[in-house]
Number of protein chains: 4
Amino acid sequence: MSDAKPFLSDNAAPVHPAVWGAMRNADSADNPYDGDALSAELDARFTDLFGRECAGLWVATGTAANCLALGTMVQPHGAVVCHEEAHIEVDEGGAPGFYLHGAKLMLASGEGALLTPDGIAALIDPIRDDVHQVQPHAISITQASEYGRTYTPDELAALGTFAKERRLGLHMDGARFANSAAFLGGEAAAAAQKASGPVDSLAFGFIKNGGMSAEAVILFDKEQAAQVRYRRKRAGHLQCKGRYLAAQILAMLDGDLWLHNARHANAAAAEIADACGDRLMHPAQANELFVHLSEVEREALRAQDFAFYDWGADAARFVTAWDTRDEDATALAKAIANL
Amino acid sequence: MSDAKPFLSDNAAPVHPAVWGAMRNADSADNPYDGDALSAELDARFTDLFGRECAGLWVATGTAANCLALGTMVQPHGAVVCHEEAHIEVDEGGAPGFYLHGAKLMLASGEGALLTPDGIAALIDPIRDDVHQVQPHAISITQASEYGRTYTPDELAALGTFAKERRLGLHMDGARFANSAAFLGGEAAAAAQKASGPVDSLAFGFIKNGGMSAEAVILFDKEQAAQVRYRRKRAGHLQCKGRYLAAQILAMLDGDLWLHNARHANAAAAEIADACGDRLMHPAQANELFVHLSEVEREALRAQDFAFYDWGADAARFVTAWDTRDEDATALAKAIANL
Amino acid sequence: MSDAKPFLSDNAAPVHPAVWGAMRNADSADNPYDGDALSAELDARFTDLFGRECAGLWVATGTAANCLALGTMVQPHGAVVCHEEAHIEVDEGGAPGFYLHGAKLMLASGEGALLTPDGIAALIDPIRDDVHQVQPHAISITQASEYGRTYTPDELAALGTFAKERRLGLHMDGARFANSAAFLGGEAAAAAQKASGPVDSLAFGFIKNGGMSAEAVILFDKEQAAQVRYRRKRAGHLQCKGRYLAAQILAMLDGDLWLHNARHANAAAAEIADACGDRLMHPAQANELFVHLSEVEREALRAQDFAFYDWGADAARFVTAWDTRDEDATALAKAIANL
Amino acid sequence: MSDAKPFLSDNAAPVHPAVWGAMRNADSADNPYDGDALSAELDARFTDLFGRECAGLWVATGTAANCLALGTMVQPHGAVVCHEEAHIEVDEGGAPGFYLHGAKLMLASGEGALLTPDGIAALIDPIRDDVHQVQPHAISITQASEYGRTYTPDELAALGTFAKERRLGLHMDGARFANSAAFLGGEAAAAAQKASGPVDSLAFGFIKNGGMSAEAVILFDKEQAAQVRYRRKRAGHLQCKGRYLAAQILAMLDGDLWLHNARHANAAAAEIADACGDRLMHPAQANELFVHLSEVEREALRAQDFAFYDWGADAARFVTAWDTRDEDATALAKAIANL
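Residues numbered from 1 in each chain as written. Chains lettered and ligands numbered in written order. Predicted model: local features only at pLDDT ≥ 70, side-chain atom pairs only at ≥ 80, totals over all residues.

**Looking at the relation of the copies chain D and chain C**
Line of reasoning, step 1. Mapping chain D onto chain C leaves a residual RMSD of 0.0 Å; the transformation is a rotation of 180° accompanied by 0.0 Å of translation along its axis. Those values place the two copies in the arrangement expected of a two-fold rotation axis. Looking at the rotation axis and the C-alpha trace of chain D, the residue lying nearest is Ala235(D), at 3.6 Å.
Line of reasoning, step 2. Both copies share a contact surface, since 100% of the interface residues of chain D are interface residues in chain C too. (Least-squares fit on C-alpha atoms with pLDDT ≥ 70 in both. Contact = placed C-beta atoms within 7 Å.)

What follows is the structure, encoded as structure tokens:
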């Protein structure tokens, strides 16, 4: 792949050098599981970042992070409201059904894979409040959304109010949370708080943003955190050398690397988006672009060594990452402009 | 911990340099999940090692490896027969109940945490063959056992015959499989085959033996392997940068590093065991020692900077690892001899 | 309710006198659970009726019957394709998620709540054959459908062929199976075979048709039947005085009472349907009618003591039953004609 | 079986005439499921009986009643402490594993299948309070116990205090609750309250005591009751003609029939027990007797038309029921005395 200019996905990007360094530094023996000194730092570090008390638990995948968090909010006989194109519905191999012991996903609509109180109400208001119909227990939103859109703080506040009124938990799948935080702007704490709003739990993604194998489940409720500690073990996700996962996360938090990496990816995406004009299917608010491109046009781009996925018959998806080279982004922007 | 002579556990040992090297070499981008070139090698490599066709899938923990394998053999309404002190019963936080959707563990007795056909028969023969009683569907054994014992090829063959007669699956928890293989002797393939015998599936542990975060589920049945591929994803264990896990396993297989590391740990354990004499509670057949030691004696050892766990009121457990220093083993042997 | 002319539902109708008689005759003690003489007859009786070997197990509800049967066809990581308005999706309180250990329902479209191979293909063909997406394992159809429609033998044959090609199990929710059999015509065995076609399993409903608390799970595969026996117990559905359930089913089979009762209900529905003309939303092919009626018209009917449910804002649902009085059906037909 | 003198079990006894009558009276149509007038009475009736607010929900089996109640107290990652010979462990086909989504049963010892705070503490005190070990969430006791023993009010109070201290739920399997209540004495409300003590939930059995197919789940906590309503449906246990189940329970409550029937069965058991002398393995405190009898002695009794089960090699179990004929009990007492 040496000459390729890769825009396939951020999920296979290399590990950031600072993360490698932190992992190597974790090599000396310490207590197993999450009893080590590095894992012990996480709660405090995330509490600082989010400005409200929380627990931060490492886990190896976003799927596990999402499902462990949702499991604290949803009884097996209940349901999670999510977007019909949400990752938990479409791409997690039925993991929510497993982790939630058979609870249902209820699929709401919304532009750009974003949910709104109205869209959710349209889905759940017709549900009869009787035992024959599964009742919603929580809402799951994705920040950035599956179409690279970012919820604004106002939109999050409205969802938080709605969730509270309906007595529903509010979960955020933040596989690309950093990109939304970077998009919303401000220093680390401000950006993280704007991007997370009033959610009850957050799967905070680091892997796509320079990590290797560590995401964080952030839980703003102590009892839910206690439950997740048991269920992480029960799901086979309590790694015995957990210090290597904690090290990755701490390296990403140190010096706000998570935010810097995301800003880099967003900037590359923004440059390309500017060149797309009307071709752009969704506003560029993170690091994913969905672009109308004919088959011929896509072939032309691939002939210039750009690597990316088709998105249906008439479009393509481009994803930038922490390691996207400036020259590759510029080249892609030009190539699209020249089509 | 700089001066400590650590015999607490092998589960928090550092990562072997060759594993670090292989991970760094995996840094260049490749396909995500298990679509990368390294993951693609695993089936063939394990097929060579075991001398019969199999699939080898990476997964982050032994708990997940065990439970994914057992899930192919046990219906939710059935049971797994295991030793009453088996790790899956005692130390996996109820993971089998989760992964097997409520199937039961049935607890058999046996010296040294080893199962025998007779011991299993004593447990399952009284079960009425009716729907009121849960029926066994599989047997799970641990190699090396929870007391550091190794099943011989003859013992494994007898269990295989028994399992076949009773139409039960036969699973092996091989968190310390390498240590048993090293104990049984021979070159890599011979040792692996002797130590695994006729099992249907094996959780082949690498983490305690120099890896960081990759165990292998070995499945000798194609349909079971296909099922585990789906269920690994469903359990949130399909990491997107899976190439870093494959790299760890390949590094352990290259040059038979797994066997060399285990031989080193076993040799250290053997040296200490020789010094224990009658204090030894179980024959030393891997890298774990259980030693009668009074509280006073344990304090005396700890005063000499030896780190280890108590084992009840009158004994201690010592575990050696791939990185145990020869001088530490020798020192411990002497210290025990001098008590 | 003495003066009411009830068309609310068949699910609360009285128990047929012959069923009462059979239950009373079962009063003398016999073996508990399904070890009694009456339960022992069921397999043979259903094998005769369907003309192919099968097992027939009593169970107290259609929900349990459906879910126990589906559990034999669908792995926890798979899915059942059903109509988006299927009872198992809309009205069973999430029971499939419970019984199938988190497997998914995939919702296909189809006129009259009927599925077709094309409709199913449109749903499942876009599913990528990879582990990130849940794969279908079975199809569930409802005979008569949720809109009172009956699959013809040709339609069933086409679904059977499609299911076989795709290696999917084929299940039938037959809560009103008798009404479809009666609609398709012929003597009991012929009617049952036409209405069931090539399904692998059938939840054969008796409760709506004159029974009290016994449906039959019909399984045309021996291994699946064996599994359901265990899982019926595991689900708390193995009643200790099972002979009273077997008695109900046998009473319904004796003299083809099930078919006679269904013919009666169908005839009443047909008479009303004739009076509905263009108001009829779906062809009347069983004992449920969905009729365009304005709010004013519905009030007019209710003023004449007809009891029925609204069906959205502009329609009503009328259900006839084994005990619908001829004069009530005639009166309703006239009343609708006179609107 | 006409000449047999049946002491096999109470679980296949005929239905009491008053129950038949009540069921027939329920024949006229009413709302389906639990929306009927009879089901609506249950909460109030049981609240009167137990002298504290509760919900009473019908369900078809004791297995379902136990598991639905336990599901409100035990998270999927937790455990239920029960006696090693408890029905939920030994004879319910793994139903707790299904209903509790993989939670564990922890087996305590205790004479006569009775649990004590000390016995439970001996089991759970050694459990490390860490995520590797499954933690207990509830205790389940059986009244009358599997050996026909009855907990006294003092013993129940002690268990209640212990459960509260340890923050464990306290559940009672009352398949033969009526027999214990009758044994403890007093009028209906006093007897019921003495026999149930401070439990959080109770599976109140009616089927063995003259009913056909209705047990009651009694829940003394409103939130738990609300949850069970959903889960009863989800488990396929919400019968559409629920009024026939409510009718059975109401008939048993009317005129304290449940207590009269139990007194009758207990009296028969007491008469036989008196004749057993030292042969009696457990004090007779309900309607089950376990009696040392050699094979020859058992044959002698069977030759006299007494029907009963062997209990191991050297004993037999005799169960009396609401319909045990006085002359049969007297005859058995004499026959045993004459051995």
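Once you've had a look at it, read on.
**Some remarks on the sheet that holds strand S4 (residues 104-108) of chain C**
Strand pairs in the sheet, formed through backbone hydrogen bonds, run parallel or antiparallel to each other.
Residues and elements named next belong to chain C.
Line of reasoning, step 1. The mixed open sheet is built from seven strands, whose spatial order is S2-S8-S7-S6-S5-S3-S4. Where the open sheet ends on each side, the last strands, each with one partner, are strand S2 (55-59) and S4. Taking the axes of each pair of neighbouring strands and ignoring which way they run, one obtains an average angle of 25° across the sheet.
Line of reasoning, step 2. Of the strands in this sheet, S2 and strand S8 (215-219) touch helix H2 (residues 37-50), which is tilted by about 130° from S2.
Line of reasoning, step 3. Relative to the sheet, helix H10 (residues 222-234) contacts S2, strand S7 (201-204) and S8, its axis offset from that of S2 by approximately 15°. (Pairing = 2+ DSSP bridges. Helix = DSSP H or I, 4+ residues; strand = E, 2+ residues; numbered from the N terminus. Axes fitted to C-alpha atoms, helices over the stretch in contact; angles between N-to-C directions.)

**A short note on the relation of the copies chain A and chain D**
Line of reasoning, step 1. Rotating chain A by 180° and moving it 0.0 Å along the rotation axis overlays it on chain D with an RMSD of 0.0 Å.
Line of reasoning, step 2. Here 100% of the contact residues of chain A are again contact residues in chain D; the copies associate through an equivalent surface.

**Examining unusual backbone geometry**
What you tend to see is this: most non-glycine residues have negative phi, and most peptide bonds are trans.
Line of reasoning, step 1. Cis geometry marks the peptide bond from Gln143(A) to Ala144(A); its omega dihedral reads -10°.
Line of reasoning, step 2. The topology assignment puts Ala144(A) in the loop between strand S5 (135-142) and helix H7 (153-165).
Line of reasoning, step 3. Positive phi outside glycine occurs at Asp256(A), with the angle close to 60°.
Line of reasoning, step 4. Position of Asp256(A) relative to the elements: it lies in the loop between helix H11 (243-253) and helix H12 (257-276).
Line of reasoning, step 5. The phi torsion at Tyr33(D) lies on the positive side, around 60°, for a residue other than glycine.
Line of reasoning, step 6. Tracing the backbone shows Tyr33(D) in the loop between helix H1 (17-25) and helix H2 (37-50).

**Let's talk about the packing of helix H2 (residues 37-50) of chain A against H11(A)**
All names here are of chain A.
Line of reasoning, step 1. It is at 8 Å that the axes of H2 and H11 come closest, and there the two elements cross at 40°. By the criterion of interaxial angle, the relationship of H2 to H11 is oblique. Crossing of H2 over H11 shows left-handed handedness. Where H2 approaches H11, its residues Leu38, Ser39, Glu41, Leu42 and Arg45 are matched on the opposing element by Arg243, Ala246, Ala247, Ile249, Leu250 and Leu253.
Line of reasoning, step 2. Residue composition of the contact of H2 with H11, grouped by class: seven nonpolar, one polar and three charged. (Parallel < 35°, antiparallel > 145°, perpendicular 65-115°, else oblique. Left-handed = near helix turned anticlockwise from the far one by under 90°. Nonpolar A, V, L, I, M, F, W, Y, C, P; charged D, E, K, R; others polar.)

**Quick notes on the interface of chain D and chain C**
Line of reasoning, step 1. Every contact between the two is made by 37 residues of chain D and, on the other side, 37 residues of chain C.
Line of reasoning, step 2. Of all the secondary-structure elements, those providing two or more residues to the side of chain D that touches chain C are helix H3 (62-70), helix H5 (95-99) and helix H10 (222-234) of chain D.
Line of reasoning, step 3. Residues that form the side of chain D that touches chain C fall into these classes: 20 nonpolar, 12 polar and five charged.

**Description of the sheet that holds strand S5 (residues 135-142) of chain B**
All names here are of chain B.
Line of reasoning, step 1. An order of S2-S8-S7-S6-S5-S3-S4 is seen for the seven strands of this open sheet, with the pairing classed as mixed. Looking at the sheet topology across the chains shown, the edges are occupied by strand S2 (55-59) and strand S4 (104-108). Between one strand axis and the next, the sheet turns by 25° as a mean value, whatever way the strands run.
Line of reasoning, step 2. The sheet contact formed by strand S3 (residues 78-83) and S5 spans four bridges and is parallel. Each bridged residue has a counterpart across the sheet, and for Ala79 the counterpart in S5 is Pro136.
Line of reasoning, step 3. Packed onto the sheet, helix H6 (residues 117-124) meets S3, S4 and S5 and runs at close to 120° relative to S4.

**With respect to the pairing of strand S6 (residues 169-174) of chain C**
Residues and elements named next belong to chain C.
Line of reasoning, step 1. Among the six residues of S6, six are classified as buried, and the element is accordingly described as predominantly covered.
Line of reasoning, step 2. By the alternation rule, side chains of S6 split into Gly169, His171 and Asp173 and Leu170, Met172 and Gly174, which are all buried.
Line of reasoning, step 3. In terms of strand pairing, strand S5 (residues 135-142) meets S6 through five bridges, oriented parallel. Bridging across to S6, Ile141 finds its partner in Met172.
Line of reasoning, step 4. Between S5 and its parallel partner S6, the chain crosses via helix H7 (residues 153-165), and the hand of that crossover is right-handed.
Line of reasoning, step 5. As defined by bridge partners, S6 adjoins S7 across four bridges and the pair is classed as parallel. Residue pairing in the sheet places Met172 in a bridge with Leu202 of S7. (Buried ≥ 20, exposed ≤ 12 C-beta atoms within 10 Å, placed from the backbone. Right-handed = clockwise from strand over helix to strand, strands pointing away.)

**Some remarks on the environment of Ala175(D)**
Line of reasoning, step 1. One can find Ala175(D) in the loop between strand S6 (169-174) and helix H8 (177-184).
Line of reasoning, step 2. With residues up to four places along the chain from it excluded, the contact list for Ala175(D) reads Gly62(D), His87(D), Ala203(D), Gly205(D) and Lys208(D).

**Side note on the domain arrangement of chain A**
Residue and element names in this part refer to chain A.
Line of reasoning, step 1. Looking at the assigned domains, one finds that chain A contains domain 1 (5-12 + 258-337) and domain 2 (17-257).
Line of reasoning, step 2. Here domain 1 and domain 2 have C-alpha centroids that lie 26 Å from each other.
Line of reasoning, step 3. Listed per partner, the contact involves 20 residues of domain 1 and 23 residues of domain 2.
Line of reasoning, step 4. Of all elements in the fold, only H12 and strand S9 (288-292) reach the threshold of two or more residues within the side of domain 1 that touches domain 2.
Line of reasoning, step 5. Looking at the side of domain 1 that touches domain 2 element by element, the count peaks at eight residues for H12.
Line of reasoning, step 6. Of the residues assigned to the side of domain 1 that touches domain 2, the class counts are 10 nonpolar, seven polar and three charged. (Domains from an automatic or database assignment.)

**Quick look at the nonpolar core**
Within soluble globular proteins, side chains that are nonpolar generally end up buried alongside one another.
Line of reasoning, step 1. Of all hydrophobic cores here, the largest spans 243 residues; its most connected members are Val217(C), Ile249(C), Val217(D) and Ile249(D).
Line of reasoning, step 2. With residues up to four places along the chain from it excluded, the contact list for Val217(D) reads Leu57(D), Val59(D), Ala65(D), Leu68(D), Ala69(D), Ser201(D), Ala203(D) and Val228(D).
Line of reasoning, step 3. Core analysis: the second largest hydrophobic core is formed by 241 residues, Val74(A), Met106(A), Trp322(A) and Ala268(B) among them. (Core = buried A, V, L, I, M, F, W, Y, C linked by C-beta atoms within 7 Å.)

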